[in-house]
Amino acid sequence: MVQHQNYDIIVIGAGHAGCEAALAAARMGAKTLLVTMNIYTIAQMSCNPAIGGLAKGHLVKEIDALGGEMGVAADQTALQFKMLNTSKGPSVWSPRCQSDKLKYSEYMRETIEKQANLHLRQHDIQDVLIKDHKIIGAVTDIGTEILAKAVIVCAGTFLNGLIHVGMRNYRGGRSGELASVSLSGKLAGYQFEVGRLKTGTPPRIDGRTIDYDKTEIQKGDEIPTPFSHRHESVAIDPLPCYLTKTNEKTHDVLRSGIDRSPLYQGVIKGIGPRYCPSIEDKIRRFADKKSHQIFIEPEGRHTTEYYVNGFSTSLPEDVQHQAIRTIPGLEHVEITRLGYAIEYDYFSPHQLKKSLESKLIENLFLAGQINGTSGYEEAAAQGLMAGINAVKKIRGEEPFILDRSEAYIGVLIDDLVTKPLEEPYRMFTSLAEYRLLLRQDNADLRLMEYGYNFGLIPRQLYEDVSKRKEQIEKSIQFLTSYRPSLEDMNKILGKAGSSLLKEAEPLAKILKRPEVSIEDFAALNGNELFSSKEAFWRKVRNQVEIEIKYEGFLKRQRDQVEKTKELEELNIPEPMDYSTIHSLSTEGREKLSRIKPKTLGQATRILGVSASDITMLMIYLHRLNKS
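Attention here is on the structure that accompanies the text. (Residues numbered from 1 in each chain as written. Predicted model: local features only at pLDDT ≥ 70, side-chain atom pairs only at ≥ 80, totals over all residues. Heavy atoms only, no water.)

## Points about helix 6 (residues 248-256)
The condition is simple: Buried means the residue's accessible area, taken with a 1.4 Å probe over protein chains only, is under 20% of the maximum for its type, while exposed means over 50%, and partly exposed covers the values in between. Counting from the N terminus, the helices are the DSSP runs of H or I reaching at least four residues and the strands are the DSSP runs of E reaching at least two. By arc we mean the arc of the directions from the helix axis to the C-beta atoms, nothing more. By definition, residues are in contact when any of their heavy atoms lie within 4.5 Å. Under this definition, polar contacts are N or O atom pairs within 3.5 Å; protein pairs additionally need one hydrogen-donor-capable and one acceptor-capable atom, and for neighbouring residues in sequence, both atoms have to be side-chain atoms.
All of the buried residues in helix 6 are Thr250, His251, Val253 and Leu254. Along the axis of helix 6, the buried positions cluster into a sector of 160 degrees, meaning they face one direction only. Among the structural elements, helix 7 (279-285) and helix 8 (317-324) are those in contact with the buried residues of helix 6. You can read the cap of helix 6 off the contacts: a side-chain oxygen lies 3.0 Å from the backbone nitrogen of lysine 249, and it is on asparagine 247.

## Focus: the environment of alanine 522
Mapping alanine 522 onto the fold places it in the loop between helix 14 (507-511) and helix 15 (528-531). Leaving out residues up to four positions away in the same chain, alanine 522 has contacts with Phe530 and Ser531.

## A closer look at the sheet that holds strand 3 (residues 50-52)
What counts is decided by this rule: Here the rule is simple: two strands pair whenever DSSP picks up at least two bridges between them. Under this scheme, a helix contributes an axis fitted over its contacting stretch, all axes are lines through C-alpha atoms, and angles between N-to-C directions fall in the 0 to 180 degree range.
Strand order in the open sheet formed by 3 strands is 3-5-4, with antiparallel pairing between adjacent strands. Both outer strands of the open sheet, strand 3 and strand 4 (78-84), are each paired with one neighbouring strand and no more. On average, adjacent strands in this sheet sit at an angle of 20 degrees to one another, irrespective of strand direction. Bridge analysis of strand 3 against strand 5 (residues 94-99) gives 3 bridges, and the strand direction is antiparallel. Bridge pairing links glycine 52 to arginine 96 in strand 5. The strands that helix 2 (residues 56-65) touches are strand 3 and strand 5; relative to strand 3, the one it contacts most, it runs at about 80 degrees.

## Here's the deal with the packing of helix 12 (residues 459-481) against helix 16 (residues 535-549)
Note the threshold: Should an angle fall under 35 degrees it is taken as roughly parallel, and over 145 as roughly antiparallel, whereas 65 to 115 is taken as roughly perpendicular and any remaining angle as oblique. Here is the rule for handedness: rotate from the far helix to the near one, and if that takes an anticlockwise turn smaller than a right angle the crossing is left-handed, while a clockwise turn gives right-handed. Asp, Glu, Lys and Arg are counted as charged, while Ala, Val, Leu, Ile, Met, Phe, Trp, Tyr, Cys and Pro are counted as nonpolar; the rest, among them Gly, fall into the polar class.
Relative orientation of the contacting elements helix 12 and helix 16 amounts to 50 degrees, with a least axis distance of 9 Å. On the basis of their axis angle, the class for helix 12 and helix 16 is oblique. Here the hand of the crossing between helix 12 and helix 16 comes out right-handed. Two secondary-structure elements touch here, helix 12 through Asp464, Lys467, Arg468, Gln471, Ile472, Ser475, Ile476 and Leu479 and helix 16 through Phe536, Trp537, Lys539, Val540, Gln543, Val544, Glu547 and Ile548. Considered class by class, the residues forming the contact of helix 12 with helix 16 number 8 nonpolar, 3 polar and 5 charged.

## Side note on helix 9 (residues 376-394)
Defined as follows: To estimate how far a helix should reach, multiply one less than its number of residues by 1.5 Å.
Relative to the 27 Å expected for 19 residues at 1.5 Å per residue, helix 9 spans 27 Å between its end C-alpha atoms, a close match to the ideal helical length. Within helix 9, 17 of the 19 residues are buried, which leaves the element mostly enclosed by the surrounding structure. One or two positions beyond helix 9, positive phi appears at glycine 396, with a value near 80 degrees.

## Quick word on the packing of aromatic side chains
Rules: Any Phe, Tyr or Trp ring, taking Trp's six-membered ring, that has another such ring centre within 6.5 Å forms a pair; planes under 30 degrees apart are called stacked, those over 60 apart edge-to-face, and the others tilted.
Taken as a whole and judged by the stated rule, the model has 13 aromatic pairs. Arranged with centres 4.8 Å apart and planes meeting at 70 degrees, the rings of phenylalanine 400 and phenylalanine 454 form a pair that is edge-to-face. With phenylalanine 400 in the loop between helix 9 and helix 10 (408-418) and phenylalanine 454 in the loop between helix 11 (443-453) and helix 12, the pair connects residues that are 54 residues apart, well separated along the chain. Each member of the pair, phenylalanine 400 together with phenylalanine 454, is buried. Where phenylalanine 536 meets tryptophan 537, the ring centres are 5.4 Å apart and the plane angle is 90 degrees; that geometry is what we call edge-to-face. We classify tryptophan 537 as buried; its relative accessible area is 9%. Taken together, the aromatic side chains of Phe478, Tyr482, Phe521 and Phe530 make up a single cluster linked through ring pairs.

Structure below.
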C-alpha cells in the first residue's frame, strides 16, 4: 500500500464539525489533513439555510470567541439577521441569520484552501489504523494508508446513511451524495456502541411559483447584530422570509399518506428529534391544532429556490405535492427537491472523554452528528473543541475542558458524555443552569482569553476585549459611588417617567429602575460612558446595564457556581472499580461503571445515580484520599 506520512492530524469529514476541527488544528501549528468525500460540498447546509437561533446563537458566539470560523462565515454570507426572544430577559436573547447556502460553503472552502498547515483531499475513508489501542492513521477507498498522530472523525449523517421517501429508500449521506458504508463497521469492530438516529428535511420549492400576496412578510432587524466579535457591524441588502400556515385540508391530505409513511409503517428504525418533528408527526401528536406555521426562507441571493421550514416530511412524492399545494400562497408551487428522512449511525457519546477523545482508542476524537447531536452549531462547537484538544494531546498538554458555568459548549459536551442519549441532542437555553451568566452578549468576555492563548485570536482583538473588560469594572465602580445632585437627578427621572428622589442616591441604584438607562445620564456631564456613540462604549454600556440591573440574580448564580466547585474539583481516580463500593445502589454502580465520570460533579448529573449514591461515593473518595 502507498503511505503518506508526516501529518499531525487527520480530520475525516468537511461538514461544520470537520471545518472547525481542521482550521483550529492548523492554526495551532499542526500539519493537518482534511479529507472529504466531495470537495464541492464543504460546509454544506444540508437542511435549513440559517445559522444560530435559540441557544444555538449562543454557541456560535462562543465558537467565534474561541477563534472558530462559523460566526465570520455567517456574517459574510447572511441574507437577513434577527435577534430572537428580545421580549424576554437578556439571558435568552439569541441571534439568528438567514444564510446564502452556496456562498457559505464557498466561503468555508476558500478559507480552508488558504489556511497554512491545512491540506485538503477528496477520499472516502474506509478504515482507521490502530496499533496498541492507539490510532496511527486512516485508510482511503483506494487503499492508501495515511499516517497521523491523531484522527478526528466528523462524519455527519454519512455513516451507513439511508434516505427514505415514502416506502422507497436508498443509500446516501444526504440527497445526491453517497453514504460511507465501511468506516462505521470497522469502528464498531473496536467495541464501540453504535446506534441509529433519524433526521429529516422539507421539500424545496421554486420561488417563482409562490403567491407572496397570500403570505405574511417576515423582515429581519434593521440594525443587524453580527455573530463575529471581529465585526463591529454588518452591512447587507436583506432578503425577507414569508409566513403562512397549514390548514385542515393540508392535514387531511397528509393523513391519507400515513399508510405509505416509512415513519409510521416501521421502515425507519432510527430515533428522530422530538423537538423538530416531521409534519406528519405534528398532525398526529398535536391533533387538536388546526394549523401549523410554515416559514418560506430563501436558499440564496442568486437562486429562486426556497426552503419550506416547518414542513419536514418523508411522505411519498404525490402526497408531498398534493399537501403543500393546500397551503395559502403555495397553491401552484413547484417542488424542486423532495423532502426526505435519513437514518445514520452514531456512536454513543458516553464512550468519550470530555476532551472528545475516545475512551477506547487513544488519540481518536469524534465530533458532530456522529456523537448524536443535531444542528450545524452543535457540530461546529464540538469540531472546534476536538481540534484544539487533538493538538494539545499530541503535544502532551492537558486537555481543554470548559465547565458548565463557563459556556454553553461546556454544557453541550458535559451532557453528551454524561447523560443517556434518547434522541438527537439539541441545545436549549433551559439546559444551561447558569444561563444568566452565559449570555450571547458576553461570550467574548468569558472565552476570548482561551482563544488567544491557543493562538486562534489575534492580539489586537484580544487587547480590545481586555480593555473593555477593564472599563466595565471601572464604570460599575464609578456608578456605585457617584451621587449627582438631587435637582439634576430629578430632572432626568422626570423626563424618564420615573418617580422622583427625596434624597441623593448612587447612579447604580437609580439604574436598577427598569425605565432608566445609562443614556439618560448624559445630561449630567460629558462622560463617555453616558454619551459616546463609539462601538467600544456601546458595548461597555450594555454590559454595565446588565450587571447592575440583574445584580441580585447574577450574584446568586455566581454563588451557586462557587458552591458546586468542590464537587467539580473532586476527581475520581482511574480506574475505579465501583463494584467494590457495596453502599452504592445496583443502578448507581451500573451507571457509574458505564459512564466513568471524571469528577464527583459529573457523577451527580448521571441519570440513575441517586443523591445517596453521591453521598456514599463522596465518603469513599475522602477515605481514599486520606489513605
